[in-house]
Amino acid sequence: MIRSRRPLAVFDLDGTLSDSGHRQRFLERKPRDWDAFFAAAPKDPPLAEGVALCLEAAAECEVMYLTGRPERCRQDTLDWIAAQVLPQGRVYMRRDDDRRPARRTKLEILRRLGRDREIRMLVDDDELVCGDAERAGFRVVRARWAAAATSEAMRVAQQREGRT
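A quick note: this is a predicted structure, and the numbers were derived from the prediction, not measured. In this convention, every chain numbers its residues from 1, walking through the sequence in written order. A pLDDT threshold of at least 70 governs which residues receive local features in this predicted model, and a stricter bar of 80 or more applies before side-chain atom pairs are shown or counted, although totals over entire chains, interfaces and linings include all residues. Side-chain measures were taken over the full set of non-hydrogen atoms in the model, leaving aside hydrogen atoms and water.

Asker: Can you help me understand helix α3 (residues 74–83) in this one?
Answerer: Residues that lie three or four places apart on an α-helix share one face, since the helix turns once every 3.6 residues. For α3, the full list of buried residues reads Thr-77, Trp-80 and Ile-81. Projected onto a plane normal to the axis of α3, the buried residues spread over an arc of 100° and lie on a single side. Within α3, the exposed residues directed more than 90 degrees away from the buried face are Ala-82 and Ala-83. Per the convention used, a helix needs a DSSP run of H or I reaching at least four residues, while a strand needs a run of E reaching at least two, with both numbered from the N terminus. Looking one or two residues past α3, Val-85 carries a phi angle of roughly 55°, positive in sign. Between buried and exposed lies partly exposed: a residue is buried under 20% and exposed over 50% of the maximum accessible area for its type, with that area taken using a 1.4 Å probe on protein chains only. Note that the arc is defined by the directions from the helix axis to the C-beta atoms.

Have a look at this one:
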């Protein structure tokens, strides 16, 4: 297998390329309805700013996707990426039983990728992921274009519950 030596552009999905605002209501319940939250992901509208940046990055970089979605959502995620006509690229997902914070799981994968490849940029909406990645020496683009649509329940899920 011939591996590309182009630099990597690594994109998050929820809140970066996809607008998950319509399904965050499932996280505001007690208990949170994770099955319904992820089942609604195929209906996410694309975020124009993120999609445009991803397409622009693909001109010079190999695009990869790094999401906190669980592995059980892989086919829905691949179908959504294809439906948006986004660049093909490897998709890194959380194991179904992995509840570590996104900033830990994503940084672990970034470090592994960065051992033998240049990571030109990480594009993510999670401030904790972005901060840890910057401190580790990665160039970060903060996806703030959907910040107003991110509920407090979603922030808690990203930062404390290790679910997305």
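Asker: How should the packing of aromatic side chains be read in this particular structure?
Answerer: Here a ring pair, both rings aromatic, is described through the centre-centre distance and the interplanar angle of the planes. Two rings belonging to Phe, Tyr or Trp (six-membered ring only in the last case) form a pair when the distance between their centres is within 6.5 Å. Interplanar angles under 30 degrees mark stacking, angles over 60 mark edge-to-face geometry, and anything in between is tilted. Inspection of the entire model under this criterion finds three aromatic pairs. With a centroid separation of 5.7 Å and an interplanar angle of 85°, the aromatic rings of Trp-34 and Phe-37 are classed as edge-to-face. Of the two residues, Trp-34 and Phe-37 both sit in helix α1 (residues 34–39), three residues apart, roughly one turn of that helix. In this structure Phe-37 comes out as buried when scored by relative accessible area, which is 0%. Between Phe-37 and Phe-38, the aromatic rings sit 5.0 Å apart at their centres with planes inclined by 75°, giving edge-to-face as the arrangement. The pair Phe-37 / Phe-38 is uniform in exposure class, with both members buried. Linked through ring pairs, Trp-34, Phe-37 and Phe-38 together constitute an aromatic cluster. Each ring is checked for a lysine NZ or an arginine CZ that lies within 6 Å of its centre and within 35 degrees of its normal; such an atom marks a charge sitting over the ring. When the ring centre of Phe-37 is taken as origin, the NZ or CZ atom of Arg-23, which lies over that ring, is 4.4 Å away.

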